[in-house]
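Here is how the chains run, residue by residue.
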Amino acid sequence: MTVEEQRAGSRVSRPEIRLVRRGFTDPAQAVRLLAGPGLEGLADDPVLLDALGATADPDLALLGLARLLEGADETERHTLRDTLTTSKPLRDRLLGVLGASTALADHLARHPHDWHALVTFELRDMHPGPEDFRRALRQGVAADTAGSRADALRVSYRRCLLAIAARDLTGTTDLAQTAAELADLAGATLQTALELAAEEDPEAAGACRLAVIGMGKCGGRELNYVSDVDVIFVAEPQEGVDEHEALKAATRLAAALTRLCADTTGEGTIWPVDANLRPEGRNGPLVRTLASHQAYYQRWAKTWEFQALLKARPVAGDAELGAAYLAALEPMVWQAAARENFVTDVQQMRRRVIDSIPVTELDRQLKLGPGGLRDVEFSVQLLQLVHGRTDPALRSGNTLEALAALSRGGYVGRADAASLDTAYRFLRSLEHRIQLHRLRRTHLMPTGEEDLRRLARSLAPLINDDTRADPVAALQREWKRHAVEVRRLHEKLFYRPLLDAVAELPTGATGLSPDAARARLEALGYADPAAALRHLTALASGVSRKAAIQRTLLPVLLGWFADSADPDAGLLNFRQVSDALGRTPWYLRLLRDESAAAEQLARVLSAGRLAPDLLLRAPEAVAMLGDPQGLAPRGRPALEQEILAAVGRADSAAAAVAAARSVRRRELFRTAAADVLGRLGEDPAEALDAAGEALTALNAATLQGALRACTAAWEARNGELPTRIAVIAMGRFGGRELGYGSDADVLFVHEPLLGSLEQDAARAAQAVCHELRTLLSGPSTEPPLVVDADLRPEGRNGPLVRTLASYTAYYRRWSHAWESQALLRAEPVAGDAELGERFRQLIDPLRYPGSGVPERDVVEIRRIKARIEAERLPRGADPTTHTKIGRGGLADVEWTVQLLQLQHGHELPALRTTRTRPALAAAVEAGLVAAEDAAVLDGAWVLASRVRSAVMLVRGRPGDSFPGDARELAGVARYLGYGAGHSGELVDDYRRTTRRARAVVERLFYG
């Protein structure tokens, strides 16, 4: 006899014992309901009674059924009774929902017709997706013409939720599919709410593009039944709309979307939309542009914010903008583990979460408590962030998918992964059932006997113990068993730096015990000797030829790595390259027989992130290090020939540009490796100029190839291109002074062919240039080439491409002093050479005016420069060390030289150059600048440029200030020729050099 029968036996009549045996706890009420309206005649139906008895709470199911039948009209009631008695799938789904959720029973009582939603999910293999949910929501909103559309959306949402719950409760879907469907429904709801908001405010909808990025469980497609839906809003202005106005419009739409989902009405709240994961949290703007998001994450974001971005996924709004957001920020996520104290920060954050739980709730917390869901999620996310940098297979926002990938990759043992998977599924299912009852957001285990009994019966298939005798006790035993296992594995994976599966070093290979090896690595300067030993173990273990050669090399390589600023990175990078190429005979032979190549590889791998990152995308580039001429810069003709040949072999513009980008990535590695190894010149200024020339030639050749590809693709679709196009380099690109992190600043000019309509030519040129920019900067394994055309007339608001005549008209009528200054660095680099030359002839009178620069323009240029210094310095940046617009930095020197060019270029041909240093030398030759002053300016410009190059080489991302991380700063100092421990001297020297340069600028520029 069950516990229920024992408790009920003394207080029920004999006829009622049939109901008790079926799981009813209040048989008297059940008898009354079965005799009531709507259920008459069903009291003796054993099929119905058995179906009720199989639910989580038979009393609740019967009460909900009675209310549903009572609320239905006569025809609806008859149809439902008929279906209940003849269709087992429908009966099981409906009663399963009614026995588990009073909230959904309330919904059915208010909307009796909605039980039909269960019929549409009769097939076991049907898996509705986002489009199915969007269609259902829009149809529901459109069909309700009497009430408010907000209420109609809520009703439609509950109708979809009803179907998901029915499939879940009857075992048609598993936990992962249910959570994915809930996330898809949330995305569809957000999309529908956004569409409704846009219909209510068409002016706002026409002013901006708005994308909704799902975060947290929504982004990971693992949503709960009831949860805040975490989002981030990103917007861009529509063409011709001011950015400020567009952001205001987007904010209105985002706020309206939030209200539609979260406001409480007669139909209840769908769920709160939580945008507090956005940059600066609730203190930051609700909506930002993509550039603003990028700037924030590059400069200010904390470790936990990158961890949160791991689950980011576009779920609603402008799909293209959402994809661009993900492409822009995803690389930052997978570099987060390289931040200083990353693991410590994550661990401390987890401890703070546990410490914040009230003592009275600690033992009931399914989510945050010890052994709870968050332990699994934190463990998986930490391992993803640490290893996902090098293993793209781990880059999933879904916990179970990521756990499976970690297991397949060997980062988590198979048995451990299986235990975590089982425990996570059980805990999430338990959380789902608790929330489903009243559709309330809670993660606390209930304490009431009735609630626990309902949960145990609902989860019986997941409980190892027999739940029939005492379901509550069985549930609690199963919960505690999983919690203990999760806590054990969490501590093992989350806090212990070494995994269990680390192999032993071969006997006699080093003569050191593991402890002694760690001590020696620490003495050599390895910050994480345990990790270093793990890499050594992987590289040197075994009896293969590869392991034997690497055992011979490693003692020497360790010394070379130790001479760098970041030995740990060098060893890690070497392991990755060896894993990729270890089975390639020439690689092992190169390392064994060419000691110079091995040393060069060690120096490149430990000098920073840029060169190794480029190498790891195509490790075969290691072969360059074995060729005496392998790192010699290649001129533009050779680069262009190779790129155009690769473009010509491709069958689409995307494939052609991908091929060009692949060549560019390899050549970037060639230049970066040559730079790191000092192959570009003994004199720092000479090496800087050589790098600038090489990078400029590479970008120009890439642009030429991309333009050829996009033109060919257009012509394949439309026939002959009705115009000629030229690309004009601007800024550092035009000055052949590019750094590793520089964008390609350009202007696009076209000229219609004879007989072509100007409008058709303009559209064709616009299409070609837009596709060129998109393909060169789009998501790819290859480094992007950002083509920035913002220096064009009217900036972002102006047309991307203009005719030569249009440029002529604009410059004649509207040109400002700053535009003449910008044109000082204009240089044709790609496309139609003759058209580019005519553009040069057009702008020469503007940048070298025959009468010199009017005094009002000089005043205006000085005013703009002062304003930039006051307003453009990033928040928190030190003006004494900011290389671009800080004191005595690049802008100071360049503006001073450019003012001299504007004033005297018409009379001094030597000043007519797009390059800063030759122009400064020409000014000295002409007596415009004293040699001593020019030397100060030149020294400051070279040093600031080299610092920027060093930051990019060391950090793998551009930066205008010295790194705050001590190890990165040491890497910058090493690149600039400072020895170990002398990073402070570098900063002092920089400040001294730029302070002297600023004094010269004050005299020459500001007068």
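Just so we're clear, the structure is a prediction, and the values are computed from it rather than from any experiment.

Engineer: Describe the overall build of the protein, listing the residues and the values that go with them.
Structural biologist: When you go through the protein residue by residue, the secondary structure sums to 44 helices and 10 strands. Viewed in the frame of its principal axes, the protein has a C-alpha envelope of about 115 × 80 × 50 Å. Residue burial in the protein is summarised as follows: out of 1007 residues, 54% are buried. Partitioning the intrachain contacts of the protein with sequence separation of at least 6 by distance along the chain shows that 72% fall at a separation of at least 24.

Engineer: Mind laying out helix H43 (residues 966–975), listing which residues take part and the relevant values?
Structural biologist: Among the residues of H43, Glu 968, Leu 969, Gly 971, Val 972 and Ala 973 are the ones counted as buried. Buried-residue contacts for H43 involve helix H42 (931–955) and helix H44 (983–1004). Capping the start of H43 is the job of one residue whose side-chain oxygen sits 2.9 Å from the backbone nitrogen of Arg 967: Asp 965. Following H43 by one or two positions, Gly 977 has its phi on the positive side, about 95 degrees.

Engineer: Quick rundown of the environment of Arg 134? Include the residues and the values.
Structural biologist: Mapped onto the fold, Arg 134 is located in helix H9 (residues 130–143). On the basis of relative accessible area, Arg 134 is assigned to the partly exposed category, the value being 24%. Remark: the alpha-carbon pair of Arg 134 and Ala 61, spanning 73 residues in sequence, is separated by 30 Å. Setting aside its immediate chain neighbours within four residues, Arg 134 contacts Ala 188, Gln 191, Thr 192 and Val 315.

Engineer: Residues and numbers for the nonpolar core, please.
Structural biologist: Judged by nonpolar contacts, the single largest core of 87 residues is most densely connected at Phe 574 and Phe 748. Broken down by element, the residue count for this core peaks at 13 residues, all from helix H33 (residues 684–718). If near-sequence neighbours (up to four positions away) are discounted, Phe 748 is found in contact with Ala 726, Val 727, Cys 769, Leu 772, Arg 773, Val 787, Ala 789, Leu 800, Val 801, Arg 802 and Tyr 807. In this structure, Leu 33, Ala 61, Val 229 and Val 315 belong to the second largest nonpolar core, which totals 84 residues.

Engineer: Provide a residue-level description of the pairing of strand E6 (residues 723–729), including the pertinent values.
Structural biologist: Within E6, 6 of the 7 residues are buried, leaving the element largely enclosed by the surrounding structure. Judged from the 7 bridges that link them, E6 and strand E7 (residues 744–752) form a sheet pairing that is antiparallel. Each residue of the ladder has a partner; that of Ile 728, found in E7, is Leu 747. Sheet topology places E6 next to strand E10 (residues 827–831); 4 bridges connect them, and they run antiparallel. Note on E10: the bridge partner recorded for Ala 726 is Gly 831.

Engineer: Give a detailed account of the packing of helix H11 (residues 175–200) against helix H21 (residues 414–438), specifying residues and quantitative values.
Structural biologist: Here H11 crosses H21 at 50 degrees, and the two axes come no closer than 10 Å. With respect to their mutual orientation, H11 and H21 come out oblique. Our pair here, H11 against H21, has a crossing hand that is left-handed. Residues Leu 175, Ala 176, Thr 178, Ala 179 and Leu 182 of H11 touch H21, and the partners they reach there are Tyr 424, Arg 425, Arg 428, Ser 429 and His 432. Within the contact of H11 with H21, the residues separate by chemical class into 5 nonpolar, 3 polar and 2 charged.

Engineer: Any chance you could break down the layout of surface pockets for me, citing the residues and the numbers?
Structural biologist: It is a probe the size of a water molecule, rolled over the atoms, that shows where empty space is left. Empty space within the second largest pocket amounts to approximately 960 Å³. In terms of lining, the second largest pocket is formed by 28 residues, of which the most central are Gly 216, Asp 230, Leu 277, Lys 367 and Arg 374. Of all the elements, helix H19 (residues 373–387) adds the most residues to the lining of the second largest pocket, at 4 residues. Broken down by class, the residue content of the lining of the second largest pocket amounts to 11 nonpolar, 8 polar and 9 charged.

Engineer: Describe the environment of Thr 808, naming the residues involved and giving the relevant values.
Structural biologist: Relative to the helices and strands, Thr 808 resides in helix H36 (residues 804–813). A relative accessible area of 22% places Thr 808 in the partly exposed class. A C-alpha to C-alpha distance of 8.5 Å links Thr 808 and Ile 843, two positions 35 residues apart in sequence.

Engineer: Account for unusual backbone geometry, with residues named and values stated.
Structural biologist: Among all residues except glycine, the phi angle is most often negative; among peptide bonds, the trans geometry is most common. The residue Glu 280 is not glycine, and still its phi comes out positive at about 70 degrees. With respect to the element layout, Glu 280 can be found in the loop between strand E3 (273–274) and strand E4 (287–289). The class of Glu 280 is partly exposed, set by a relative accessible area of 34%.

Basis of the calculations
- Residues numbered from 1 in each chain as written.
- Predicted model: local features only at pLDDT ≥ 70, side-chain atom pairs only at ≥ 80, totals over all residues.
- Heavy atoms only, no water.
- Helix = DSSP H or I, 4+ residues; strand = E, 2+ residues; numbered from the N terminus.
- Buried < 20%, exposed > 50% of the residue type's maximum accessible area, 1.4 Å probe, protein only.
- Contact = heavy atoms within 4.5 Å.
- Polar contact = N/O pair within 3.5 Å; in protein donor to acceptor, adjacent residues only side chain to side chain.
- Core = buried A, V, L, I, M, F, W, Y, C linked by side-chain atoms within 4.5 Å.
- Pairing = 2+ DSSP bridges.
- Axes fitted to C-alpha atoms, helices over the stretch in contact; angles between N-to-C directions.
- Parallel < 35°, antiparallel > 145°, perpendicular 65-115°, else oblique.
- Left-handed = near helix turned anticlockwise from the far one by under 90°.
- Nonpolar A, V, L, I, M, F, W, Y, C, P; charged D, E, K, R; others polar.
- 1 Å grid on protein atoms, 1.4 Å probe; cavity = no way out; pocket = protein on both sides within 12 Å on 5 of 7 lines; lining within 4 Å.
- Points joined across faces, edges and corners; volume = space filled by probe spheres on them.

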